[in-house]
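This is what each chain is made of:
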Amino acid sequence: ADTGDLFLAADESYMKSARDFGLLAETIPLARQRPVIAVAKGNPKNIRTLEDLRRTDVRVAMANPDAASIGRTVRALLQQAGQWTVLEKHITVFKPTVNDVANAVKIGSVDAGIVWDATARQYPELELVMVPLFDQATETISIGVLKRSGQPAAALRFARYLGAPDQGLKQFEKFHYAPVAGDMWAET
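Residues numbered from 1 in each chain as written. Predicted model: local features only at pLDDT ≥ 70, side-chain atom pairs only at ≥ 80, totals over all residues. Heavy atoms only, no water.

*Asks:* Can you help me understand the overall build of the chain in this one?
*Replies:* If you tally the helices and strands in the chain, you get 7 helices and 9 strands. Judged by the C-alpha coordinates and their principal axes, the chain covers about 55 × 30 × 25 Å. Buried residues in the chain amount to 41% of all 188 residues. For the chain, the proportion of contacts with a sequence separation of at least 24, taken over those separated by at least 6, is 72%. Carbon together with sulfur atoms contributes 52% to the accessible area of the chain, which is approximately 9800 Å² in total. Considering the chain, the positive charge centre built from 22 side chains and the negative charge centre built from 22 side chains are found 2 Å apart. (Helix = DSSP H or I, 4+ residues; strand = E, 2+ residues; numbered from the N terminus. Buried < 20%, exposed > 50% of the residue type's maximum accessible area, 1.4 Å probe, protein only. Contact = heavy atoms within 4.5 Å. Areas by Shrake-Rupley, 256 points an atom, 1.4 Å probe, with all protein chains shown as cover. Lys, Arg positive; Asp, Glu negative; His and termini not counted. Charge placed at Lys NZ, Arg CZ, Asp CG, Glu CD.)

*Asks:* What's the story with the pairing of strand 3 (residues 35-40) in this structure? I'm lost.
*Replies:* Working note: regular strand, side chains alternate between the two faces of the sheet. Counting buried residues along strand 3, 5 of its 6 residues qualify, which places the element largely inside the surrounding structure. Where strand 3 meets strand 6 (residues 112-116), 5 bridges bridge the pair, whose relative direction is antiparallel. If you follow Ile37 over to strand 6, its bridge partner there is Ile114. Bridging between strand 3 and strand 7 (residues 126-129) involves 4 bridges; their strand directions are antiparallel. When the bridges of strand 7 are listed, Ala38 appears paired with Leu128. (Pairing = 2+ DSSP bridges.)

*Asks:* What exactly am I supposed to notice about helix 6 (residues 152-162) here?
*Replies:* Since the α-helix advances by 3.6 residues per turn, residues separated by three or four positions end up pointing in the same direction. Of all the positions in helix 6, only Ala155, Ala159 and Leu162 are classed as buried. For helix 6, the angular spread of buried residues about the axis comes to 55°, placing them on one side. In this fold, the buried residues of helix 6 make contact with strand 1 (6-9), strand 2 (24-33), strand 8 (139-146) and helix 7 (168-174). (Arc of directions from axis to C-beta.)

*Asks:* Got a minute to help me understand the sheet that holds strand 6 in this structure?
*Replies:* Adjacent strands of a sheet form backbone hydrogen bonds with each other and so pair up, either parallel or antiparallel. With mixed pairing, the 5 strands of this open sheet are ordered in space as 5-4-6-3-7. Strand pairing shows two members of the sheet lacking a second neighbour, strand 5 (91-95) and strand 7, which therefore form its edges. Along the sheet, successive strands turn relative to each other by an average axial angle of 35°, direction set aside. Against the sheet, helix 2 (residues 69-80) touches strand 3, strand 4 (60-63) and strand 6, its axis set at about 100° to strand 6. Together, strand 3, strand 4, strand 5, strand 6 and strand 7 form the strand contacts of helix 4 (residues 98-107), whose direction differs from that of strand 6 by roughly 145°. (Axes fitted to C-alpha atoms, helices over the stretch in contact; angles between N-to-C directions.)

*Asks:* Teacher, can you tell me more about the pairing of strand 8 here?
*Replies:* Among the 8 residues that make up strand 8, 8 are buried, leaving the element largely enclosed by the rest of the structure. Residues Glu139, Ile141, Ile143 and Val145 of strand 8 are buried on one face, and the alternating residues Thr140, Ser142, Gly144 and Leu146, pointing to the opposite face, are buried as well. As defined by bridge partners, strand 2 adjoins strand 8 across 8 bridges and the pair is classed as antiparallel. Looking across to strand 8, one finds that Leu24 is bridged to Leu146.

*Asks:* Would you explain the sheet that holds strand 1 in this entry?
*Replies:* Taken in spatial order, the 4 strands line up as 1-8-2-9 in an open sheet, and their pairing is antiparallel. At either end of the open sheet lies a strand with only one pairing partner, and these are strand 1 and strand 9 (178-179).

*Asks:* What am I meant to see in the side chain of Ser69 here?
*Replies:* With respect to the helices, strands and loops of the structure, Ser69 is situated in helix 2. Of the residues examined, Ser69 reaches a relative accessible area of 13% and is grouped as buried. Look past the residues within four positions of Ser69 in its chain and what remains in contact with it is Asp11, Tyr14 and Trp116.

Shown next, in the form of structure tokens:
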């Protein structure tokens with residue numbers, strides 16, 4: 001079906017593809033997220049760095065880089081830094097989604113997982129380990145109004161509502177995303 005009004009993407013590469021295919025009339029950035037290492041509360045394995053994930057006593061989960069944006073983002077960054085091949089050998093399990101990785105850390109089937117910071121913050125049982133290299137992999141969550149929208153004015157109004165700091169961005173912040181600086185809400 002080639003109908004729809006809005007496209008919400010948590011990965012800039014999806015927005016770029018939509019733009020390249022000429023599908024978007026306009027985009028509005030909403031929030032940012034970045035990769036982190038999630039560990040159990042108290043960090044029982046004392047994981048402090050990316051290098052700690054290569055220890056033989058640490059079981060690591062990561063989202064499948066061919067299926068999930070967090071996996072693709074981290075793999076690309078680590079390939080560029082020349083660290084992917086070494087880390088990939090130490091990944092215990094590749095999961096389908098970022099939530100599957102967080103759940104694996106939560107239940108203790110792995111000791112650490114690479115997830116979005118916003119995802120980890122939604123689990124009170126988890127702690128975040130910040131990795132300076134991951135600062136280069138911050139992703140922007142954006143919403144785009146599709147050119148084929150049957151209601152472009154209403155779609156844009158709703159997208160603007162989501163991007164307003166006094167409206168929709170409060171919800172992103174509530175769920176631990178870092179909202180962007182948007183325009184205050186106005187009907188027009």
